[in-house]
Amino acid sequence: MSATGAHPQLVKRSRALQLLAELPGAAYLLAFMSVMLTLATPEFFSVANLTNVALQVSVLSIVAFGMTLVILTEGIDLSLGPVLGLCGVVMGLLLVGGWPPLLAIGVALVIGAAFGTLNGTLVAYVGMPPFIVTLGAFGIAMSIAMVLTQGNSVTGLPEYVRLFNDGVLLGIPVPIWATAACFALTYVLLYHTKFGRYTFAIGGNRQALILSGSPARFYQVLVYVYAGGLAAIASFIMTARMNAAHPTIGVGLEFDAIAAVILGGTSFEKGRGGIIGTVVGALAVGVLRNGLNLMGVSTEWQVAVVGLVIILAVSLDSLRGLNQ
Amino acid sequence: MTMQLARANGAMARPELLGLSPDRLFVVVSRLVALTLLVVTLSILSPHFLTWSNLINVVRHAAPLFLLSAGLTLVVLTAGIDLSVGAVLGLSGCIAASLITGGDPVLGIAAGLGAGLACGLVNGALVSYAGVPSFIATYGMMWIANGLAYVFMQGEVIYGLPAEFRLIGAGFLGPIPMPVLIMFGTLAALHVLLHRTPLGRGIYAIGGNPVAARLSGMPVHRRLVFVYAMSGLMASFAALVVVARTNAADVSLGEEQLLPAIAAVCLGGTSLFGGVGGVTGTAVGALILALVLNGMNLLGVNTFWQAGVLGFIILVSVFADQIVGGRIGRAGGAT
Amino acid sequence: MTISRRQFTAGTLAAGAATALGTLPSGSAFAQGSKPTIAFFVKNVTNPFWKACRIGAEKAAKELGINMEVVAPTKPDNIEEQTRLVEDWIVKKPDAFVFVPVDYKALVPSVQKANKAGIPIINYNNKMTDIEKVTFIGSDDALFEYEICKYLFNSMGGKGKVVHIDGVPAAITAQMRKKGFERAVKEFPGIEVLASQPGQYRRLPASQVFENLMQRFPEIDAVVSANDDMAVGIVEALYAAGRGGKTKVVGIDGIPDAIQAIAEGKMFATVDFSGHDQSYLAVQAAVRHLKGEKVPAEILLPVFIIDKSNVGKVAKTPEERAVPSWDKVAGKA
């Protein structure tokens, strides 16, 4: 998970030049920023800071994995942020109420999957635009989380919750393990199962698939369910990170996740892209934000720079014809 | 694409009434019915609702929301999205207010509108010429406009705008509030633009069938730039009205404006798939939203429910359109 | 904690005249010859309250000859982002954090990390528990709201119809202020609370909520607003509806616009909730701690009500405002 890892790894394969041309702008951005920051600041290239960045992008990455699948089906899920908040709040309330942790996480997973089912059904079977469906779910999830907590943080969680953020296994913090596990699961699902083949096929060929009688709609619902489930898992890491659950903690995360996915070279159209790019995209966002802080760029300018970098990186891809 | 064609064919095959296909007719009728039902229900539930001053209130809240979502409607008609409208509203409002309180109202208004126009032009160029997805181009612009507003304002708030300027937000012409006049004036102008000019028909064509639009030799790129530029311009226009109404400007001006604006567009029956809908619907959508919020306030509903109620209304309205349009399961998946 | 208005004004003026420049760096952190660096946190770069804090802190930093860097999330008041900021700044290892949490509970784990890294924490404005801190510098929100409400209700002869406009309900400041409001209401049986609704601490939502409330209640004697930005919005709404001058509006903060409204007689009163003073004292406390001086465990600013009688003497901008005297406010502890 080191910041520079993804880039050389990809280049080593055969047809290196071809791959280099197909790399998303985010990969170049990531490599460029890593070199510059290593030269410019003494702190950047240290184990402590790189662990930091990996920790900071863990929640974003997990949400972005699910988002990648949704976008591959030419969909979008704006509700993932508030659903993450709602899952965290419900889990927090149950844990404070003395429920066993596995059951509490189970309930959170059910909530995430339920919102996924709602979104997926309205999109796949009713044919409503994903943007609208998930915007509606956005409002509903946020309201429920706010009403449940009256807008307050849920605190007083059992001691062990924090271990899921502070804990270290083989020298690597637990959230990074969790992110790696989610990545591995998504990777296998996407590239080695029927579910994955349908995910790629639905983008661009949905009409043809349905007409040919294949269960494309069912798999499309599953994609939203999976994204909701990952949001529930991410909510657990987020809760451990804060040692508290907050109803609005996820709001805005959905847009960041979409940006990470698109930066990573996945296209809004025709099922083009993949999960490895998303890791690069999320890391690029993480390194950018971390770097701006380390460089001491003022907050006001940071806001403008983030927007500019996202536009530049994606323009680079568009002009090379990568996401057409 | 195939879906768009299929739908166009389907609409043509059916009988038309008042120049509208049955499903469009349903959208129009259902929104008017919803509007009437809301007014009747609120009049029964709250004695304060059906008063002249309260109704003026509602329309005054709806006006800036309409201005913001009217520009967005044009973008959505081309099957695009503009996420930067709220941030652009904030940036233009701050620039305009700062110059106006500095003693130069004409320059202030021009600069505010110019800032919005500039942001819109950049969005349009990115989308049409660079081929950046509208979602990402305008998401980036949202950050940039926010950032520039932060840099420009440095945490300040601008207060105390001159009374003459405030007329456009807080003034009256006879018994009618200025924002309402502005709202209906803009509505009329945009309606004519969309339905009586080649440019307007072009906008529908781009959203309905981009390939055919391109093949017909239409200047698609330039029209797309125009659409995004209008969206930016309308956002800064909304900013002037909001600043004049609240008599203050700070960078939070545009916060939480984006989602209601999108909601108004959808409630108004404009399809996010592009090519279907219009600004009149958006005006009705903005009115419905303002009525719902007003009603919840009058009835003392916990504000935590507001987002959920809005979400639910959006889902139900688009769901109903799908059912009546007989489009269930037919539509494709583009956002 | 309450002292009379005149007393405090006199104190502030005196402090302004004799700005403390006396002490020269001599302690351990200064002995190495390099200027210490302090990371000064604010909740956002959008609200003038935090700008006032920044100015107060910058005055102290300049006066004491230290480096100060302002740290703020790009998304206003964003918990997750402030967590990342704390983590990034632990890597940068400044000599001290002058810290305000955007959520006083959710930021605990990250501040504990800073504790573990040995960075001294000076907590200001929103009090945190469960962390190791050098001191807390701030105001008692509940007491502030209680005092201004008592002042208002007394001026109404102890009876009348009141509307309460809350801040962001989840914010600890809003919750404490609401408690203070409720405490005052309990003491005045003649006061009838017509409604209590959140205005999100922002002018536009507050004025919209209030415009709707005006429809519901043709007669409102007073409005208690949880901050000044909303209070001024409410005053505007009242005048726009032709109901100006009949309703007494109070706020908290003492922002320039509210001070102007009070001077014009449009608004009734506010409490000086000085971010400028809090942050000035917080940076002072940080430097004094680094020099090895003993700093009191908690420093609370006194309640100071601004109304028509004393509004002329109040500084209009944080730049013009005189800095408080450390010895006066903290020295006695």
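In this text the structure is predicted, and so the values were computed from the model without any measurement.

Parameters and conventions
Residues numbered from 1 in each chain as written. Chains lettered and ligands numbered in written order. Predicted model: local features only at pLDDT ≥ 70, side-chain atom pairs only at ≥ 80, totals over all residues. Heavy atoms only, no water. Helix = DSSP H or I, 4+ residues; strand = E, 2+ residues; numbered from the N terminus. Buried < 20%, exposed > 50% of the residue type's maximum accessible area, 1.4 Å probe, protein only. Contact = heavy atoms within 4.5 Å. Pairing = 2+ DSSP bridges. Buried area = accessible area lost by both parts, 1.4 Å probe. Salt bridge = Lys/Arg side-chain N within 4 Å of Asp/Glu carboxyl O. Polar contact = N/O pair within 3.5 Å; in protein donor to acceptor, adjacent residues only side chain to side chain. Nonpolar A, V, L, I, M, F, W, Y, C, P; charged D, E, K, R; others polar. Domains from an automatic or database assignment. 1 Å grid on protein atoms, 1.4 Å probe; cavity = no way out; pocket = protein on both sides within 12 Å on 5 of 7 lines; lining within 4 Å. Points joined across faces, edges and corners; volume = space filled by probe spheres on them.

K.L.:
What is the right way to look at the overall build of chain B in this model?
P.N.:
Of regular secondary structure, chain B possesses 14 helices and four strands. Along the first, second and third principal axes, the C-alpha set of chain B runs to 60 × 55 × 35 Å. A buried classification covers 60% of the 335 residues belonging to chain B. Here the analysis covers contacts within chain B between residues at least 6 apart in sequence; of these, 77% occur between residues at least 24 apart.

K.L.:
Help me out: how do you make sense of the pairing of strand S5 (residues 135-138) of chain C in this one?
P.N.:
Regular strands have side chains that alternate between both faces of the sheet. Residue and element names in this part refer to chain C. On S5, burial covers both faces: Thr135 and Ile137 on one face and Phe136 and Gly138 on the other are all buried. Inspection of the sheet shows strand S4 (residues 121-124) paired to S5 by three bridges, in the parallel sense. Note on S5: the bridge partner recorded for Ile122 is Thr135. Examined bridge by bridge, S5 and strand S11 (residues 298-300) share three bridges and lie parallel to one another. Directly across from Phe136, in S11, lies its bridge partner Glu298.

K.L.:
Explain the interface of chain B and chain A to me, please; I cannot follow it from the model alone.
P.N.:
Often, the extent of an interface is quoted as the loss of accessible area upon association of its parts. Across the boundary between the two partners, chain B contributes 50 residues, which contact 51 residues of chain A. For the chain B and chain A pair, buried surface summed over both sides reaches about 4400 Å², with 78% attributable to carbon and sulfur atoms. Where chain B packs against chain A, one counts zero salt bridges. Counting residues per element, the ones that place at least two in the side of chain B that touches chain A are helix H6 (134-153), helix H12 (258-267) and helix H14 (306-324) of chain B. Top element by residues in the side of chain B that touches chain A is H6 of chain B. It accounts for 13 residues.

K.L.:
For this particular structure, what's the right way to read the interface of chain B and chain C?
P.N.:
The interface is formed by 31 residues belonging to chain B together with 25 residues belonging to chain C. Summed over both partners, the interface of chain B with chain C comes to about 2800 Å²; 48% of that surface belongs to carbon and sulfur atoms. Of all residues in chain B, Tyr150, Tyr159 and Asn297 of chain B bury the most surface against chain C, accounting for 21% of the area lost on that side. Taken together, the connections running from chain B to chain C amount to four salt bridges. The salt bridge involving Arg166 of chain B is made with Glu236 of chain C; its shortest N-O contact spans 3.2 Å. Summed over the shared surface of chain B and chain C, the number is 10 residue pairs in polar contact (both at pLDDT 80 or more). Every element with two or more residues in the side of chain B that touches chain C is listed here: helix H3 (52-77), H6, helix H11 (220-246) and helix H13 (279-298) of chain B. For the side of chain B that touches chain C, a count of residues per class yields nine nonpolar, 16 polar and six charged.

K.L.:
Got a minute to help me understand the domain arrangement of chain C in this structure?
P.N.:
Partitioning chain C into structural domains gives domain 1 (18-138 + 274-296) and domain 2 (141-271). When each unit is reduced to the centre of its C-alpha atoms, the spacing between domain 1 of chain C and domain 2 of chain C is 32 Å.

K.L.:
Just checking my understanding: could you explain the pattern of salt bridges for this structure?
P.N.:
Where charged atoms of side chains with opposite charge meet at close range, the side chains can pair. Residue and element names in this part refer to chain C. Applying the stated criterion across every chain yields a total of 21 salt bridges over all chains. In this structure, the salt-bridge partner of Asp141 is Arg177, at a minimum N-O distance of 2.8 Å. Remark: Arg177 occurs in helix H7 (residues 172-187) and Asp141 occurs in helix H6 (residues 141-155); sequence separation between them is 36 residues. The residues Asp141 and Arg177 share a single accessibility class, namely buried. Of the charged contacts in the structure, one is a salt bridge between Asp257 and Arg203, with a shortest N-O distance of 2.8 Å. Taken as a pair, Asp257 in helix H10 (residues 256-263) and Arg203 in helix H8 (residues 203-216) lie far apart in primary sequence, 54 residues in all.

K.L.:
When you look at the side chain of Glu87 of chain C in this model, what are you seeing that I'm missing?
P.N.:
Position of Glu87 of chain C relative to the elements: it lies in helix H4 (residues 79-92). Within polar-contact distance, the side chain of Glu87 of chain C engages the side chain of Gln56 of chain A at 3.0 Å. Leaving out residues up to four positions away in the same chain, Glu87 of chain C has contacts with Asn52, Gln56 and Arg241 of chain A together with Lys113 of chain C.

K.L.:
How do you make sense of unusual backbone geometry when you look at a structure like this?
P.N.:
Comment: phi is negative for the bulk of residues other than glycine, and the bulk of peptide bonds are trans. Non-glycine residue Ala79 of chain B carries a positive phi angle of around 65°. The topology assignment puts Ala79 of chain B in the loop between H3 and helix H4 (85-101). By relative accessible area, which is 35% here, Ala79 of chain B ends up partly exposed. If you check the backbone angles, Asp253 of chain C has positive phi at about 130° while not being a glycine.

K.L.:
Is there a simple way to explain empty space enclosed by the protein in this structure?
P.N.:
Summary: where empty space remains is shown by rolling a probe the size of a single water molecule over the atoms. For the coordinates displayed, the defined rule picks out eight cavities of 30 Å³ or more. As a volume, the second largest cavity reaches approximately 230 Å³. Around the second largest cavity sit 22 residues that line it, and Leu60, Asp256, Val285 and Arg289 of chain A together with Arg84 of chain C are the ones nearest its centre. Among the secondary structure elements, those contributing two or more residues to the lining of the second largest cavity are helix H4 (47-72), helix H12 (253-263), helix H13 (275-294) and helix H14 (299-319) of chain A, H6 of chain B together with H4 of chain C. Of the residues forming the lining of the second largest cavity, the biggest block, six residues, is contributed by H13 of chain A. Its residues assigned to classes, the lining of the second largest cavity comprises 14 nonpolar, three polar and five charged.

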